[in-house]
Every structure is written in C-alpha cells, then in structure tokens.
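Below are the chains, spelled out letter by letter.
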Amino acid sequence: SAVISQKPSRDICQRGTSLTIQCQVDSQVTMMFWYRQQPGQSLTLIATANQGSEATYESGFVIDKFPISRPNLTFSTLTVSNLSPEDSSIYLCSVARQDGYTFGSGTRLTVV
Amino acid sequence: QQQVKQSPQSLIVQKGGISIINCAYENTAFDYFPWYQQFPGKGPALLIAIRPDVSEKKEGRFTISFNKSAKQFSLHIMDSQPGDSATYFCGGTSAGGYQKVTFGTGTKLQVIP
C-alpha cells in the first residue's frame, strides 16, 4: 500500500494562530483526501485535493478556514486557520490507489 | 455525506471468541466497502475490503459478509486476540474505491484474556 508521511505528528498551538500540515506520498496519486477525527469520533472528510485545481470542500468546511494546496501529484498541505479550542482534533490525509485507501499517521492538534 | 450506520458502539469479547461488527449503508452507488483498524495514536489501517459482486471475503481470521439486497455488511473476527483490541471503522465508497470514503461511527473492541 502507499506510504504516506505526514508532518507534524502533533502540535500545541495558541488560539488565533494557524497550523499547516504536510502530507507526502511515495508515488503519484490523482486525489488526496483530508479528514478530521475529533476525540473518540469517526472520520469526517474535510476536502478532496486534486492537483491543478481547487480543492472540493464538504458541507460545513470552508476554504478560508481550511486552505489546501496541491502543488504536485505527491504532496499536499492543509492549513487550519484562526485556531480555536474546537479545532483540537486529529487531522489525517489519505490517498486512494489500486491496492487500497491508505491513511497517514495523523496530526494531533491541541489548541490552547 | 450519506450515512453508513455501524453497530455496536463497543464490544467486549473473550479471547478465542468471535467478534462481530455490523454496518448498513444507504448509497446504492457504493461499490467498495473497506474496514479499517485503528489503534490509539495511529492512523486507520486498511484491514480488509469487499466489492458487492461477492457475498463473502476471508483473509486470515477476518471475514467480511456482504448482503447486497439488505445493504448490509459485517466484519467477523475469528479467534479474537487481545492484540485485536482497537477501534474498527467500516466504510463505503464508489468508483471502485477511488472516491471519498464515508465512514461508520466506529466500534471499540476489547478482547479480554
């Protein structure tokens, strides 16, 4: 399956600041997905990132709060902006390939 | 996102027993149904997946049973071990698994010695 490197693995941020999460895949993929997992909860899709086009956001998620970049077929970033304690979650990137749908190890964000 | 309903929310099984987790979906366009295993502090890991053209898929101790007419599928873990203690998520997606996955709510499994 795909190898996904996600950084940082965890961070503690002050409210009002931003955090950018990086996701690097070991091979080219068309679509990359960003999920949020709140404590003890399931995974909720934030957006789908396609190379060369704007990300597609799910209901309840907006570009101003969660800007995404996808500069090439192996890399994407998710920024969580204007942080509040409600943004404390695990953020995960994932990709779909023929051998399955693979997740990174996640970024645990704590907002204080 | 159309729902995938998962039950039970939590499950305690004796070592050596069978763990059964059930899911039901709404979206008839789904054609790929994965199961994920997640340990604390880790990202979900793909465990096993099935397509609707088969009714059962087995990989080692893990079996998926699929009922297309009822829009239900389940994960069976045979000879459950303490190392299987984790949270399990079912999911559904379309386009053969190349689209976004809609996840169930998760089942926390505890296997006791």
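The structure under discussion appears in the preceding block.
Because the structure is predicted, anything quoted here is derived from the model rather than measured. (Residues numbered from 1 in each chain as written. Chains lettered and ligands numbered in written order. Predicted model: local features only at pLDDT ≥ 70, side-chain atom pairs only at ≥ 80, totals over all residues. Heavy atoms only, no water.)

**Student:** I'd like a description of the nonpolar core, backed by residues and values.
**Tutor:** With 25 residues, the main nonpolar core has Trp34, Ile46, Leu78 and Tyr91 of chain A as its most contacted residues. Counting residues per element, the ones that place at least two in this core are strand S3 (19-25), strand S4 (31-37), strand S5 (43-50), strand S8 (75-80), strand S9 (89-97) and strand S11 (107-111) of chain A. Residue contributions to this core peak at four residues, all from S3 of chain A. The next biggest cluster of nonpolar side chains, apart from the first, holds 23 residues, and it includes Tyr25, Leu47, Phe73 and Cys90 of chain B. (Core = buried A, V, L, I, M, F, W, Y, C linked by side-chain atoms within 4.5 Å. Buried < 20%, exposed > 50% of the residue type's maximum accessible area, 1.4 Å probe, protein only. Helix = DSSP H or I, 4+ residues; strand = E, 2+ residues; numbered from the N terminus.)

**Student:** Quick rundown of the pairing of strand S5 (residues 45-50) of chain B? Include the residues and the values.
**Tutor:** Residue and element names in this part refer to chain B. Relative to S5, strand S4 (residues 33-38) is paired through five bridges, and the arrangement is antiparallel. Paired with Trp35 across the two strands is Ile48, which belongs to S5. Hairpin geometry of S4 and S5 is characterised by an intervening segment of six residues between the two adjacent antiparallel strands and by a positive phi of about 80° at Gly41. (Pairing = 2+ DSSP bridges.)

**Student:** Give a detailed account of the sheet that holds strand S1 (residues 4-7) of chain A, specifying residues and quantitative values.
**Tutor:** All names here are of chain A. Taking strand neighbours across the sheet as the criterion, the four strands line up as S1-S3-S8-S7 in an open arrangement whose pairing is antiparallel. The open sheet has two edge strands, S1 and strand S7 (68-72), and neither has a second partner. On average, each strand axis in the sheet is inclined to that of its neighbour by 15°, with strand direction left out of account. Pairing between S1 and S3: four bridges, direction antiparallel. Paired with Gln6 across the two strands is Cys23, which belongs to S3. (Axes fitted to C-alpha atoms, helices over the stretch in contact; angles between N-to-C directions.)

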